[in-house]
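Survey of secondary and tertiary structure
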Amino acid sequence: MSINRVSNDDTRAHYTNRLLATSAAGAIVGGLYQSNQKNWLYKGTPSDTFVKAVSANLRKDLTSDELKESSKISRFIAKVIDPDVDMESLKPQIKDSKELSEAIKISKEETLDEALERVFSQPKDKARQELLNLQYKTTCDKKAGRTTSLKLLNDNFDASSKRLVKNPNTSERVFKMLKATAHKIQSKSIAIAAGITGLATGALYLVMTDAPGESK
């Protein structure tokens, strides 16, 4: 009766299988651990990543005209804040924006040219402050902004249970978007954690185990 010798190839195959199994087990453990963590929260409240993701999804609901108007308003405010801005260069931006053109008027009877003359004839600092206040009267730039996103999340978040709970004033469609966004962040975190844990476990196995053919 003959006994089959275990070849070096068999040993290497066994070693490789153990390494793959160890890495896979580590990935599963890492994924399971991460699945119990609410990665869309930070210190018990919606994270900044979650807020930004919600804002990005809200922007998808804006029409092309609303997106253009929102960009015009944002660029205008950025220039007003600039201490070195040429005040006269702001007039064309106001005229080019439907919302800013309406916001600068103090009454329906006042024309745009009259409003521009009234505001820009003031001292620079006072005119700048009045122009900054125009943002309070605009709407397109707020539909998908950080403040709107944060309020939406706070309205639909139960701090005691750390769960998303639909507010009566929130539509089903928007609430589904919030849940889907949280799920996407969670799934991405699980995948990353599983990958890192799998690699770390595999590396530990390599350190603790001599590869076939190695000699000390």
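It should be noted that the structure appears before, not after, this text.
Residues numbered from 1 in each chain as written. Predicted model: local features only at pLDDT ≥ 70, side-chain atom pairs only at ≥ 80, totals over all residues. Heavy atoms only, no water.

In this section: the nonpolar core. If you look at the biggest cluster of nonpolar residues, it comprises 19 residues, and the most contacted ones within it are Phe76, Leu90, Ile94, Ile104, Phe120 and Leu131. The dominant element in this core, judged by the number of residues it contributes, is helix α6 (residues 112-120), at five residues. In this view, leucine 131 contacts Phe76, Ile77, Val80, Met87, Leu90, Ile94, Ile104, Val119 and Phe120; residues no more than four positions away in its chain are not counted. If you look at the next biggest cluster of nonpolar residues, it comprises 18 residues, including Leu41, Leu62, Ala144 and Phe157. (Core = buried A, V, L, I, M, F, W, Y, C linked by side-chain atoms within 4.5 Å. Buried < 20%, exposed > 50% of the residue type's maximum accessible area, 1.4 Å probe, protein only. Helix = DSSP H or I, 4+ residues; strand = E, 2+ residues; numbered from the N terminus. Contact = heavy atoms within 4.5 Å.)

Before going further, it helps to spend a moment on the packing of α6 against helix α7 (residues 124-132). Direction vectors running N to C along α6 and α7 enclose 130 degrees, while the axes themselves pass 8 Å from each other. Looking at the two axes, α6 sits oblique to α7. Of the residues in α7, those touching α6 at Arg118, Val119 and Phe120 are Ala127, Glu130 and Leu131. Residues belonging to the contact of α6 with α7 are distributed by class as follows: four nonpolar, no polar and two charged. (Axes fitted to C-alpha atoms, helices over the stretch in contact; angles between N-to-C directions. Parallel < 35°, antiparallel > 145°, perpendicular 65-115°, else oblique. Nonpolar A, V, L, I, M, F, W, Y, C, P; charged D, E, K, R; others polar.)

Within the secondary structure layout, leucine 62 lies in the loop between α2 (48-59) and α3 (64-81). The spacing of leucine 62 and lysine 143 is 81 residues in sequence and 7.9 Å in space, taken between C-alpha atoms. Those residues in contact with leucine 62 that lie beyond four places of it in its chain are Leu67, Lys143 and Ala144.

Such coordinate-based values are descriptive only and should not be taken to indicate function.
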